[in-house]
Amino acid sequence: MSTSCDLLLTNAIVLTLDEAFTTYNPGIVAITQENIIAVGPATLAAEYVPRETVDCGGKVVMPGLVNAHTHVPMTLLRGLADDLRLDVWLLGYMLPVEREFVNPDFVRLGTSLACAEMIRSGITCFADMYYYEEAVAEATAAAGMRALCGQTVLKFPSPDAASYEDSLAATRDFISRWKSHPLIVPAPAPHAPYTCTPDILQACAALAAEFDVPLHTHLSETLFEVENSRREHGMPVIPWVKKQNLFEAKVLAAHCVHVDEGEIRALKNFKAGVSHNPTSNLKLASGVAPVARMLELGVNVGIGTDGPSSNNDLDMFEEVRLAAILAKGTTGDPTVLPAPQTLAMATRIGARALHLGHLTGSLEPGKRADLILIDLSPLHNSPSFTRDPNSIYAQIVYAAKSTDVTDVLCHGKWLMRNRNLLTVDEKNLLLAARDYAKRIDHFLIQREGSVLQKLVAIGGAVEQESFEVQAKAQLTSPETVFKALQSDVLTVIRSVHYHEFDTYFSFDDPAQGRVRYREDEYLNDKGQVTNARARLTLMGEEREGEFGSVLLSRSRYIAPATHSLRFYREYFKPAAEHEVEKDRRRWLVAYKGVEFFVNLDKLIQPASAGFYLEIKSRTWSRRDAKDKAAIISELLAVLGASPDKAIKADYVELAGGS
Ligand SMILES: [Zn+2]
């Protein structure tokens, strides 16, 4: 009694990667339409009447690899900015370029390129997260690959949505239209806890639960993220997202680098899948995930390349090898993540992490025919031993390269035969990619040439051009100032006391101006810090004019400093940097009907014995500036400083800068 089938693969070393790691050598795989109907020893071939037989010539047949976390359209941004910290890389380069260039055309092209690269490296299924995810889904389906397509949701405007409400509505629409697609599983992808609000996390989880689709996100990638979560929410990331009901959905969490034992158990209990992305975590210096422990406790941990601009490739062979080696090196135990288990992470366990284990990840009857052929005959793979049944896994994990993959079948259709791609036009895609690279290069070269444009690119900068007239004088004692302020010559409107830390960045071209990063710590009567704030100002060319002892200066662009000083330093790459630290008492006073700020500064850095008195006022015209300059000269004398002893140097110059 024989059964007909569409395709019979014979003369192969079949690695099923099932629970028991069953292998058949030689073995066969029988396929009808998109499904595997039988896997077994060579003798089983007699039971099938195939429409087509493919003699595998002794190659390995195994499940297609599952790339558990990536951002495929970013192939077009590969190599754009490297060797940077995560925040500088992401906020300084990726997000501004994405805001400018990402549209459905970009996404489709980037995805097609990624599919070509992934098929070549034996991947048949991947979990993605990006903008315009529907374009990712279309290009992926056209290439014949399987994917979990996560539509990004963020708390700020993104290339494909003006607000998160828009983004959630688009995600719902995308999921409802693609839900029954044979290759694509649509999903909401709230980017990360720190880029989403509790509302977004809750809404995404509810949406995923409603349509019974997975939810794709980034969790606990850096120590910084975890420390912030502890500080802001009083708990690490996993319990906090649990409070937002995230685990009501079938979660696929990328990274999980910094999770403790309790969090690992929670991930296991909530049946969350994890994607381990060793290259990305090493390249961005995020750390090493406790993968061996996660697996030991039963978490489904897959392996992912992450996006091609933080890796910089989509090569799962490299990723699998690194995962195995890294776990050994960091635990000091060469027996952890043995080759069979690591290869299972890249196939069966990875598919489960994506919540697609019922469809793919192993060669078993009833699953989809997603498989690859690997040629183990090249020099770097020779010779082969048979004594240890696991040596074939070691060969694939430690010695094989993605170029050894010769044929790829997905959903019962050939995507590559003898290393020829059948569903993607590699040549034309490369030409189009080159075109994008030219345009992006041009955009960044223009931006890099201007400190102002760089400041605007990271967002939040407001053009607030202001002109000020100001005079400065040194005092040996502040007594004359206090006395004058108490007299009725002037009226004190309000006063404040703070500690000010200024860092000035200057550039080779002085016309670019200077960037000042300023941190104020407000002090109460007892000298205790009650509040702090930081901001960033781009100061124009210092002197617009002089009126005797009074200077006219200009500042442009002011922005709340939402990042660290270190971030701005690495982002702006100043030619020189100067620090000024002072204890400042500041009064807003009215004198002769005009309001002035009076600053009494005690310089701490650069250290100085005396006090500095500064008088400033906003001005709108040269004429107004001239009038105010005259009053400032008088006011200097009233406060005990002689106008002819006024200092024209600013604090940067006092600190040794020019
Ligand atoms: Zn990622």
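A brief report on the enclosed structure follows.

Basis of the calculations
Residues numbered from 1 in each chain as written. Predicted model: local features only at pLDDT ≥ 70, side-chain atom pairs only at ≥ 80, totals over all residues. Heavy atoms only, no water. Helix = DSSP H or I, 4+ residues; strand = E, 2+ residues; numbered from the N terminus. Buried < 20%, exposed > 50% of the residue type's maximum accessible area, 1.4 Å probe, protein only. Contact = heavy atoms within 4.5 Å. Areas by Shrake-Rupley, 256 points an atom, 1.4 Å probe, with all protein chains shown as cover. Donors = N, O, S within 2.8 Å, 3.2 Å for Na, K, Ca; no water. Tetrahedral: all angles 85-135°; square planar, octahedral: opposite > 155°, others 65-115°. Axes fitted to C-alpha atoms, helices over the stretch in contact; angles between N-to-C directions. Parallel < 35°, antiparallel > 145°, perpendicular 65-115°, else oblique. Left-handed = near helix turned anticlockwise from the far one by under 90°. Nonpolar A, V, L, I, M, F, W, Y, C, P; charged D, E, K, R; others polar. Expected span 1.5 Å × (residues − 1). Arc of directions from axis to C-beta. Salt bridge = Lys/Arg side-chain N within 4 Å of Asp/Glu carboxyl O. Polar contact = N/O pair within 3.5 Å; in protein donor to acceptor, adjacent residues only side chain to side chain. Disulfide = S-S within 2.5 Å. Core = buried A, V, L, I, M, F, W, Y, C linked by side-chain atoms within 4.5 Å.

Focus on the overall build of the protein chain
Argument step 1. Counting secondary structure elements, the protein chain contains 20 helices and 26 strands.
Argument step 2. Its C-alpha atoms give the protein chain principal-axis dimensions of roughly 115 × 50 × 50 Å.
Argument step 3. Classification of the 658 residues of the protein chain by burial places 57% in the buried group.
Argument step 4. Long-range contacts, defined as pairs at least 24 residues apart, comprise 71% of the intrachain contacts of the protein chain with a sequence gap of at least 6.
Argument step 5. Of the roughly 27,200 Å² of accessible surface on the protein chain, 51% is carried by carbon and sulfur atoms.

Points about the coordination of the zinc ion
Argument step 1. For the zinc ion, the full set of protein donor atoms is H69 (NE2), H71 (NE2), H218 (NE2) and D306 (OD), at a range of 2.1 to 2.5 Å.
Argument step 2. Because the angles between the four donor atoms bound to the zinc ion fall within 84 to 174°, the donor set is best described as irregular.
Argument step 3. Between consecutive donors of the zinc ion, the numbers of intervening residues give the motif H-x1-H-x146-H-x87-D. Here the residue H71 occupies a position in the loop between β6 (65-70) and α1 (86-101), and H218 occupies one in strand β10 (residues 214-219), the gap between them amounting to 147 residues. Of the two residues, H71 and H218, both sit in the buried class.

Quick look at the packing of helix α2 (residues 104-120) against helix α15 (residues 426-448)
Argument step 1. Closest axis-to-axis distance for the α2/α15 pair is 10 Å, and the angle between their directions is 130°. Considering their axes alone, α2 and α15 lie oblique with respect to each other. In the crossing of α2 with α15, the sense of the turn from one axis to the other is left-handed. In this structure, α2 contributes D105, F106, L109, S112, L113, A116 and R120 to the contact, and α15 contributes E426, L429, L430, A432, A433, Y436 and I440.
Argument step 2. Residue classes in the contact of α2 with α15 are distributed as 10 nonpolar, one polar and three charged.

Observations concerning helix α5 (residues 198-211)
Argument step 1. Between its first and last C-alpha atoms α5 spans 20 Å; for 14 residues at 1.5 Å apiece the expected length is 20 Å, and the two agree.
Argument step 2. Listed in full, the buried residues belonging to α5 are I200, L201, C204, A205, L207, A208 and F211. Buried residues of α5, seen end-on, are gathered within an arc of 160° and therefore sit on one face of the element.
Argument step 3. Lining the buried residues of α5 we find β8 (146-153), α4 (164-178), β9 (184-190), β10 and α7 (237-243).
Argument step 4. D212 sits one or two positions beyond α5 and adopts a positive phi of about 50°.

Describing the pattern of salt bridges
Argument step 1. Enumeration according to the criterion identifies 38 salt bridges in this entry.
Argument step 2. Of the charged contacts in the structure, one is a salt bridge between K472 and E614, with a shortest N-O distance of 3.5 Å. Separated by 142 residues along the polypeptide, K472 in strand β18 (residues 466-475) and E614 in strand β25 (residues 611-619) bring together distant segments of the chain.
Argument step 3. On the basis of relative accessibility, which here comes to 4%, the residue K472 falls in the buried class.

Comments concerning the environment of Y398
Argument step 1. As for its position among the elements, Y398 is in helix α14 (residues 391-399).
Argument step 2. A relative accessible area of 30% places Y398 in the partly exposed class.
Argument step 3. In sequence terms Y398 and V320 are 78 residues apart; their C-alpha atoms lie 8.5 Å from each other.
Argument step 4. Discounting chain neighbours no more than four positions away, the residues touching Y398 are R321, A324, I325, K328, L337 and A339.
Argument step 5. One polar contact links Y398 to K328, side chain to side chain, over a distance of 3.4 Å.

Some details on the state of the cysteines
Argument step 1. Tallied over the full model, the rule gives zero disulfides.
Argument step 2. Unpaired in terms of disulfides, C115 finds its nearest cysteine sulfur in C149, a separation of 8.9 Å.
Argument step 3. On the accessibility criterion, C115 (0% relative accessible area) is buried.
Argument step 4. Free of any disulfide, C410 has its nearest neighbouring cysteine sulfur in C125, separated by 7.5 Å.
Argument step 5. Judged by its relative accessible area of 1%, C410 is buried.

Brief notes about the nonpolar core
Argument step 1. Ranked by internal contacts, the top residues of the largest apolar core, which has 142 residues, are M62, F106, I396 and F572.
Argument step 2. Take this core: its biggest share by element is nine residues, from α2.
Argument step 3. Once residues within four sequence positions are removed from consideration, I396 is found in contact with L15, V60, M62, F317, L343, I374 and L376.
Argument step 4. Of all hydrophobic cores here, the second largest spans 29 residues; its members include L490, W587, Y591 and A629.

Topic: unusual backbone geometry
Argument step 1. Of note, the bond from N311 into N312 is cis; its omega dihedral lies within 30 degrees of zero at 5°.
Argument step 2. The residue N312 is located in the loop between β13 (300-303) and α11 (316-331) in this model.
Argument step 3. Residue P606 is reached from Q605 by a cis peptide bond, and omega for that bond is 0°.
Argument step 4. Looking at where P606 falls in the secondary structure, it is placed in the loop between β24 (594-605) and β25.
Argument step 5. Here the phi dihedral of F21 falls at roughly 55°; this positive angle occurs in a residue that is not glycine.
Argument step 6. For F21, the position within the fold is in the loop between β1 (3-15) and β2 (23-32).
Argument step 7. Take F21: its relative accessible area is 25%, and that puts it in the partly exposed class.
Argument step 8. The residue D306 is not glycine, and still its phi comes out positive at about 65°.
Argument step 9. Summarising the element assignment, D306 is placed in the loop between β13 and α11.
Argument step 10. The class for D306 is buried, based on a relative accessible area of 4%.

Structural notes on the side chain of S280
Argument step 1. In this fold, S280 is placed in helix α9 (residues 278-283).
Argument step 2. Of the residues examined, S280 reaches a relative accessible area of 0% and is grouped as buried.

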